[in-house]
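The chain contents come next:
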Amino acid sequence: MITITPETTVREIAAAEAAAARVFESFGIDYCCGGRKPLAQACGERGVEAGAVLAALEEAMQQPQPDERDWSAEPLAALCRHIEDTHHVFTRSEMERIQGLAGKVVARHGADRAELGEIQERIDALQGELLPHLQREELMLFPYIASLERTRSAGETQASGGSVRNPIRVMIADHDAAAAEMAAIRKLSREYTPPQGACPTYRAFYAALAEFERDLHRHVHLENNILFPRAIALDEA
Ligand SMILES: [Fe+2]
Ligand SMILES: [Fe+2]
């Protein structure tokens, strides 16, 4: 268990404590792309009491977490497989479902609610960025990390040592771009709040977007805060 102070960065806390992600979600604190900030600063920018967040973190850390594996200790190949089998599968299927919902909601309500068309455009942009990104991870980066781990554990050195930083930098930039689209969607939808009396499809659309964002945060957290730093450390060991 790590000692958390106001100076500990959000990403250090999220990487060390699986339960922290839920706490950060509940306070609206960005623990993936914006996670490089010290806790006190992140709380200040979000307008929440650092003391309240610290108390919630401490409480969450006391609770047993039977369903969450500690990915800071598992093999990297297993972590890559977990990311693909859960987050990549979810991202692909949900993007398609969300686009279907967006089409229906825009057709029915787009004339009255100008933000809906803009949200739909942002979703298309997000999909255009995320799908090739998932493929680059699955076809290039993840297999490279797995082979790096195999050769390292066999005691061999890989000729291309030190080169994993570049593809990782590109992946992190993709994550930042996706986070920016998602933040714009959140704002346009007033934090995924449907208007009063909205139809079930409208509600389902916003609920799906909120769930998609939660999953994206967990997904990017596993990559930015755990997988990538561990791969770089292994590559440069
Ligand atoms: Fe990914
Ligand atoms: Fe990624």
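Bear in mind the structure is a predicted one, so any value in this text is a computation, not a measurement.

Chemist: Lay out the packing of aromatic side chains with the relevant residues and their values.
Modeler: Enumeration over the complete set of coordinates arrives at 3 aromatic pairs. On the numbers, 6.2 Å between centres and 25 degrees between planes, the contact of phenylalanine 24 with tyrosine 31 is stacked. Among the aromatic residues, ring-to-ring pairing joins Tyr202, Phe205 and Tyr206 into one connected group.

Chemist: Break down the coordination of the iron ion (ligand 2) for me, citing the residues and quoting the values.
Modeler: In the first shell of the iron ion (ligand 2), the protein supplies His133 (NE2), Glu137 (OE), His175 (NE2) and Glu223 (OE), at 2.0 to 2.1 Å from the metal. Coordination geometry of the iron ion (ligand 2): the 4 donor atoms subtend angles of 85 to 172 degrees at the metal centre, consistent with an arrangement described as irregular. Each donor residue of the iron ion (ligand 2) belongs to the same chain, and together they define the spacing H-x3-E-x37-H-x47-E. Between the iron ion (ligand 2) and the iron ion (ligand 1) the interatomic distance comes to 3.2 Å, and glutamate 137 is a ligand of both metals. You can see histidine 133 sitting in helix α6 (residues 114–153) and its partner histidine 175 sitting in helix α7 (residues 165–188), a full 42 residues away along the chain.

Chemist: Lay out the environment of aspartate 85 with the relevant residues and their values.
Modeler: With respect to the helices and strands, the residue aspartate 85 is situated in helix α5 (residues 76–109). Note on aspartate 85: relative accessible area 54%, which makes it exposed. Remark: the alpha-carbon pair of aspartate 85 and serine 72, spanning 13 residues in sequence, is separated by 18 Å.

Chemist: Tell me about the layout of surface pockets, and name the residues and values.
Modeler: In this structure, the largest pocket encloses a volume near 620 Å³. Around the largest pocket, the lining comprises 26 residues; the ones closest to its centre are Gly28, Ile29, Asp30, Arg46 and His217. Breaking the lining of the largest pocket down by element, the ones donating at least two residues are α2 (20–27), α3 (39–46), α7 and α8 (200–235). Classifying every residue of the lining of the largest pocket gives 12 nonpolar, 4 polar and 10 charged. Looking at the second largest pocket, its volume works out to about 490 Å³. Looking at the second largest pocket, it is lined by 23 residues, and the ones nearest its centre are Ala18, Glu68, Arg69, Trp71 and Leu222. Elements represented by at least two residues in the lining of the second largest pocket include exactly α1 (10–16), α2, α4 (50–62), α5 and α8. In terms of residues, the lining of the second largest pocket owes the most to one element, α8, which gives 4 residues. A per-class count over the lining of the second largest pocket returns 11 nonpolar, 5 polar and 7 charged. Lining the lining of the second largest pocket are residues from two domains, each supplying at least three of them: domain 1 (10–62) and domain 2 (76–235).

Quick notes on the rules
- Residues numbered from 1 in each chain as written.
- Chains lettered and ligands numbered in written order.
- Predicted model: local features only at pLDDT ≥ 70, side-chain atom pairs only at ≥ 80, totals over all residues.
- Heavy atoms only, no water.
- Phe/Tyr/Trp six-rings, centres within 6.5 Å; stacked < 30°, edge-to-face > 60°.
- Donors = N, O, S within 2.8 Å, 3.2 Å for Na, K, Ca; no water.
- Tetrahedral: all angles 85-135°; square planar, octahedral: opposite > 155°, others 65-115°.
- Helix = DSSP H or I, 4+ residues; strand = E, 2+ residues; numbered from the N terminus.
- Buried < 20%, exposed > 50% of the residue type's maximum accessible area, 1.4 Å probe, protein only.
- 1 Å grid on protein atoms, 1.4 Å probe; cavity = no way out; pocket = protein on both sides within 12 Å on 5 of 7 lines; lining within 4 Å.
- Points joined across faces, edges and corners; volume = space filled by probe spheres on them.
- Nonpolar A, V, L, I, M, F, W, Y, C, P; charged D, E, K, R; others polar.
- Domains from an automatic or database assignment.

The quantities given are spatial measurements derived from coordinates; they are silent on function.
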